[in-house]
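Topology and contacts: notes
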Amino acid sequence: MNFKEYLKDNIVYLDGGMGTLLQAQGLAPGEYPERWNITHPEIITNIHKDYFDAGSNVVCTNTFGANILKFSEEELEEIIKAAIENANGARKQSKNSAEKFIALDIGPSGKLLKPLGDLDFEDAVSVFAQTVKLGAKYGADLVIIETMNDSYETKAALLAVKENCDLPVIVSNAYGEDKKLMTGATPQAMVALLEGMGADSIGANCSLGPRQLRGVVEELLSCASVPVVLKPNAGIPKAVDGKTVFDITTEEFATEVADLIKSGVRLVGGCCGTTPEYIKALYRASKGLTPCKLTDKNKTVVSSYTHAVEFGESPVLIGERINPTGKKRFKQALMENDIDYILNEGVNQQEKGVHILDVNVGLPDINEVEMIKTAVCELQAVTNLPLQIDTADTCAMEAALRRYNGKAMINSVNGKKESMEAVFPLVKKYGGVVVALTLDENGIPETAQGREEIAKKILAKAKEYGIDKKDIIFDTLAMTISADSRSALATLGALKTIKEELGCHTSLGVSNVSFGLPVRDAINGVFFALALENGLSAAIMNPYSADMMKTYYSYRALKDMDDNCADYIEASSEFAQVIAPTQMTEKTKEEYKSELQSAIIKGFKEKSAIITAEILKTSAPLDIVQEEIIPALNMVGKGFEEKTVYLPQLLMSAESAKSAFEKIKEAMPDKNAKDKGTVVIATVHGDIHDIGKNIVKLLLENYGFNVLDLGKDVPPEVVVDKVVETNAPLVGLSALMTTTVPAMEETIRQLKKRAPWCKTVVGGAVLTQEYADKIGADKYARDAMETVRYAETVIK
Amino acid sequence: MTIFTKTYKEPPICEKEILRYAGCKEASDDVTELMHSCIDEARLCLSYKVCYCELSVKVEEDECDFGNFSVASGDLVKCLAGSNRVVLFGATVGSSLDRLIAKYSRISPSRALMLQAIGAERIEALCDAFCKESGCGVRFSPGYGDLSLQVQKKIFDILNCEKHIGLTLNDSLVMSPSKSVTAFAVSGKAKNKCKSCKKTDCAYRGAL
């Protein structure tokens, strides 16, 4: 019988700990246990056999850390081959008549993925792929990915399994006492991600004992439609008289775990501290229990690296602002590769209360595949909201879905054959909830009924790909009423029938309805309310629109979705708020030349923007820069150099100046106010610290330089290529660690060779004048202001 | 040998230390307000985890022999001051703070600066709390004096920091999460960290 069939109707017993047993047999601290497959095959085989004899149906190979980061290619192959042979030997020797399977065990790589660590996502996929291929080659029956404490790495491992073999796969994560992974994911988020990608079983192992893991297990059971696996520790290790003792007995362990079988867990075993005795006791304690039936939870869920968002009762808001359509300033940001602008749009919308961010970076003249990949990676470094990947280019869609750390929302598919054939395979492979537009080769049907027909067609086709209807959300297409006065009625009618008759969730791009009309927000707000009342589950909308937000909070309060109207009351302060520039007090007048200067010097970011917007009505943009912003910056800069102003204050002022500049830019988007010259900046290869570099960037921008920020961990040739491409006269390099200074030296060496015109300025915690001289830098700058001053001498 | 894991509650916060790490000799009201708002935000995402084991050590000249491995460092030998028991530990305040710092480093460097100062103060406070509880007054980390950063690799192999507290070592020997410490802790009275440091031109050198 194969594993998947056996899993259908049985409680599956896994094995227990390996490491603890090997230590008892003499494994030294720091020694790699995987090598024992080769050096001590009889010990490993005996441990596996003891587990089979104790009742285990599945033993996990001794390959927890067997990956290409720790071992050479040859040794890795030898280890995995031997590990599976050892397990096979045990299977033959064991007299137990139960079904027996061998699982290729895959643990964490030992590295954190970018942006938190230095392992690239694709490199992580390759690392796991090597192990998977060898496991399949030498005959493992299934794969178990276990003890993963990061959702992104878990995704990389599961993707590697799916792309390199057809074996069933169990995925188990290590949850902490806060019921989250170390990088923040909840059980709900993990279930969304892993079920979406087709894991055969999902669960928890290690870190805690069965009692402490109960909460996690209950949450997993409440949302997982696949069998849940549990491999807890034998409690928590304690030192007693110099010996390590785990704090629960075999019987307690067995009772606790058996109890969770009754709640619905289907695969059970143990982790650290557990031995064949624990499995034997567990087997005895749970003998005769009938496995709980699996139920399809039928939840429509997307997730980020921290949490899941479910579509259901309360409406879901999808922020529409990351989209260049009709936005001059956004287009400019895209053309200039100004990622920070996009990130700000993301963070600001999150602050306004949206649940999901739509990400659309398509423009005719840019490489959308690269841009969306960058946007997704950078956005998920600054916000924990789930993302909606919005693109018509399926290559860009795949690039984004692959890198996305969670189960994404996908925008969109439609009833055209070509669209479904391109998009559905991606939904199946990477998981996701896809927005389906009710249009096809014949256009958009005028009637609600016509749109429902297309919805049915889409559902049928999705089924062929194995995509459940819970993962499809229909957009019944809001069209402007200025062109056809009946169009809103058709949209609303379709919403209602799709919701009621097909039982599917719905979404709308609400703002389209008012296209061509004045005061669009008024129409949008009411249309949104009508749509909600007709069963709308989610809206792609502008969270900066007070009318939309008023509708959202009012609707929830009126429909008993907001206890004590608490959310409404909290949000209402913002509806009422009108921020106007305040009158300058007499004191301010004395101390500062103007209100804007005062705001910048004091570091009031929002106020600086508001005042700038106000005075732009009467003054020319460049006059404001010359007469207000620059003098204020100079005052603070001088104070910093004279040590009367400290770094945090300098930065607060710089940020305020930046927000003023942003308003200036909006007022003259076609002109580049920054024409002083280009400075390329980067944190060198191997170094992932970039606060210092970002501070330098902010100040250089304030002083009118065009800064090309290459980010952190940047290889020397990337810096040089950029300098050659842009003919930049100055490069700023930052390094924090002594171990990364050689990378700085190498960058300077290559620059001198290929871009001899270019000056270099270096900085960072470990650097000194002496160091800078040694590695051939033109200038050592102690702080950001010194860099600005140097830039002013280089670029005149 | 077993690796133990401990999770701590928030150790007491020293605002003066935070300001020192932020490069502030004195704080205006605006900066103090910034600090408080950053502390509030950081609190939601900080965790305090330590994994550790006890090692016995034999000293031969400038070499510390820990049984399975040895470390050449005259400064570590000095630090041991004849003690034959060492607690090897890894500590971290977690990756969520790094996320927060990364976020603000893109949208508000002043907050990023303050948060990273808070992180620096927090990880030191965590190490202090752990060392105090373990009866250790002195701790010595790779990169101090003549103790090579390469020793990090050995420490990570032994403590299995990734599995126990989610702490990893990058190829350039930088740790992720960034607000983390590994160290050999030795029993005895606490010493002034800055006073015993040889880098006298350090911008962060505290009051002696």
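Up top you'll find the structure we're talking about.
The notes below deal with the structure included here.

Cut-offs and rules
All residue numbers here refer to positions counted from 1 along the written sequence of the relevant chain. To label them, take the chains in the order written and letter them from A, then take the ligands in the order written and number them from 1. In view of the model being predicted, local features appear only for residues whose pLDDT reaches at least 70, and side-chain atom pairs are presented and counted only at 80 or more, with totals across whole chains, interfaces and linings using the full set of residues. The side-chain values count all of the structure's non-hydrogen atoms but skip hydrogen atoms and water molecules. Think of it this way: any DSSP run of H or I at least four residues long counts as a helix, any run of E at least two long counts as a strand, and we number them from the N terminus. Our radius of gyration is a C-alpha quantity, and the globule rule it is checked against amounts to 2.2 Å times the number of residues to the power 0.38. Note on classification: 1.4 Å probe, protein chains only; a residue is buried when its accessible area is under 20% of the maximum for its type, exposed when over 50%, partly exposed between these limits. Computed by Shrake-Rupley with a 1.4 Å probe, the accessible areas treat only the displayed protein chains as cover when residues are assessed. Under this rule, positive means Lys or Arg and negative means Asp or Glu; His and the chain ends count for nothing. For this purpose, a charge sits on NZ of Lys, CZ of Arg, CG of Asp or CD of Glu. For this document, the term salt bridge refers to a Lys or Arg side-chain nitrogen within 4 Å of an Asp or Glu carboxyl oxygen. Here, strands pair whenever DSSP counts at least two bridges between them. In this analysis, axes come from line fits to C-alpha atoms, helices being fitted only over the stretch in contact, and the angle between any two N-to-C directions falls in the range 0 to 180 degrees. In this description, contact between two residues means that some pair of their heavy atoms is separated by no more than 4.5 Å. Buried area adds together the accessible area that both of two parts lose upon being put together, with accessible area traced by a 1.4 Å probe. N or O atoms closer than or at 3.5 Å make up a polar contact, with two conditions inside protein: a donor-capable atom paired with an acceptor-capable one, and, for residues adjacent in sequence, both atoms drawn from side chains. All amino acids are sorted into three groups, where Ala, Val, Leu, Ile, Met, Phe, Trp, Tyr, Cys and Pro are nonpolar, Asp, Glu, Lys and Arg are charged, and the leftover types, Gly among them, are polar. For a crossover, the right-handed case is the one in which the path from the first strand over the helix to the second runs clockwise, viewed with the strands pointing away from the viewer. Aromatic pairing here means that ring centres of Phe, Tyr or Trp (its six-membered ring) are within 6.5 Å. Orientation follows from the plane angle: under 30 degrees is stacked, over 60 is edge-to-face, and everything else is tilted. By definition, being over a ring means that NZ of Lys or CZ of Arg is both within 6 Å of the ring centre and within 35 degrees of the ring normal.

What follows is about the overall build of chain A. Summing up its helical and strand segments, chain A has 31 helices and 25 strands in all. Taking 2.2 N^0.38 as the reference for a compact globule, 796 residues should give roughly 28 Å; the C-alpha atoms of chain A span a radius of gyration of 30 Å, in line with that estimate. Based on the C-alpha atoms only, the size of chain A along its principal axes is roughly 90 × 75 × 50 Å. By the burial criterion, 58% of the 796 residues in chain A qualify as buried.

Take the overall build of chain B next. Along its length, chain B carries seven helices and ten strands. Taken against the 2.2 N^0.38 rule, which gives 17 Å for 208 residues, the C-alpha radius of gyration of chain B at 17 Å falls within 12% of a compact globule. Its C-alpha atoms put chain B at 55 × 35 × 30 Å along the principal axes. Going through the 208 residues of chain B one by one, you find that 58% of them count as buried. Carbon and sulfur atoms form 50% of the exposed surface of chain B, whose accessible area is close to 9,200 Å². Charged side chains of chain B number 28 positive and 26 negative; the gap between the two group centres comes to 2 Å.

Take the pattern of salt bridges next. The final tally for this structure, using the stated rule, is 59 salt bridges over all chains. Where E277(A) meets K280(A), a salt bridge forms, and the shortest distance between an N and an O atom there is 3.8 Å. Highlighted residues: E277(A) and K280(A), both in helix α11 (residues 276-286), separated by three residues, approximately one helical turn. Its relative accessible area of 45% is what places E277(A) among the partly exposed residues. Two residues, K496(A) and E500(A), come together in a salt bridge whose shortest N-O distance is 3.5 Å. Pair noted here: K496(A) and E500(A) are both in helix α18 (residues 487-502), with a separation of four residues, about one helical turn. In this structure E500(A) comes out as exposed when scored by relative accessible area, which is 58%. Where salt bridges share partners, they join D340(A), E378(A), D690(A), K693(A), K697(A), D709(A) and R106(B) into one cluster.

A few words now on the sheet that holds strand β1 (residues 4-8) of chain B. Residues and elements named next belong to chain B. Strand order in the open sheet formed by five strands is β1-β2-β6-β10-β7, with antiparallel pairing between adjacent strands. A single partner strand is all that each edge strand has here, and the edge strands are β1 and β7 (136-140). Averaged over all pairs of adjacent strands, the angle between strand axes in this sheet comes to 30 degrees, irrespective of strand direction. Where strand β6 (residues 85-92) and strand β10 (residues 180-187) come together, seven bridges link them in antiparallel fashion.

What follows is about the interface of chain A and chain B. Contacts between chain A and chain B engage 58 residues on the former and 51 residues on the latter. For the chain A and chain B pair, buried surface summed over both sides reaches about 4,600 Å², with 58% attributable to carbon and sulfur atoms. With a closest N to O distance of 2.7 Å, R106(B) and D340(A) form a salt bridge. Seen at the junction of chain A and chain B, the total is 18 residue pairs in polar contact (both at pLDDT 80 or more). Mapped by element, the contributors of at least two residues to the side of chain A that touches chain B are β8 (237-240), α13 (339-352), α14 (368-382), α26 (647-667) and α27 (691-702) of chain A. Of the residues forming the side of chain A that touches chain B, the biggest block, six residues, is contributed by α26(A). For the side of chain A that touches chain B, the per-class residue count stands at 29 nonpolar, 18 polar and eleven charged.

This part covers the pairing of strand β7 (residues 228-231) of chain A. Residue and element names in this part refer to chain A. The two faces of β7 match: V228 and L230 on one face and V229 and K231 on the other face are all buried. Here four bridges tie strand β6 (residues 201-205) to β7, and the two strands are oriented parallel to one another. Paired with A204 across the bridge in β7 is L230. In this view, the connection linking β6 to its parallel neighbour β7 by way of helix α9 (residues 210-223) has right-handed handedness. Sheet analysis places β7 next to strand β10 (residues 267-268), joined by two bridges and oriented parallel. Each bridged residue has a counterpart across the sheet, and for V229 the counterpart in β10 is L267.

Let's shift gears to the sheet that holds strand β14 (residues 356-359) of chain A. All names here are of chain A. With parallel pairing, the eight strands of this closed barrel are ordered in space as β13-β14-β15-β16-β17-β18-β19-β20. Between one strand and the next, the sheet's axes are offset by a mean angle of 30 degrees, whatever the strand orientation. Sheet topology note: the strand β19 (residues 505-509)/strand β20 (residues 538-541) ladder contains three bridges and is parallel. Considered in β20, the bridge of S507 is made with A538.

All right, on to the packing of aromatic side chains then. All chains considered together, the criterion is met by 15 aromatic pairs over all chains. Judged by centre distance (5.9 Å) and plane angle (75 degrees), the ring pair of F330(A) and Y341(A) falls under edge-to-face. Placement of F330(A) in helix α12 (residues 328-335) and of Y341(A) in helix α13 is noted, with a sequence separation of eleven residues between them. In this structure, R99(B) is placed above the aromatic ring of Y305(A), and the distance from its NZ or CZ to the ring centre is 3.6 Å. Across from the ring centre of F64(A), 5.4 Å away, lies the NZ or CZ of K163(B), which sits over that ring.

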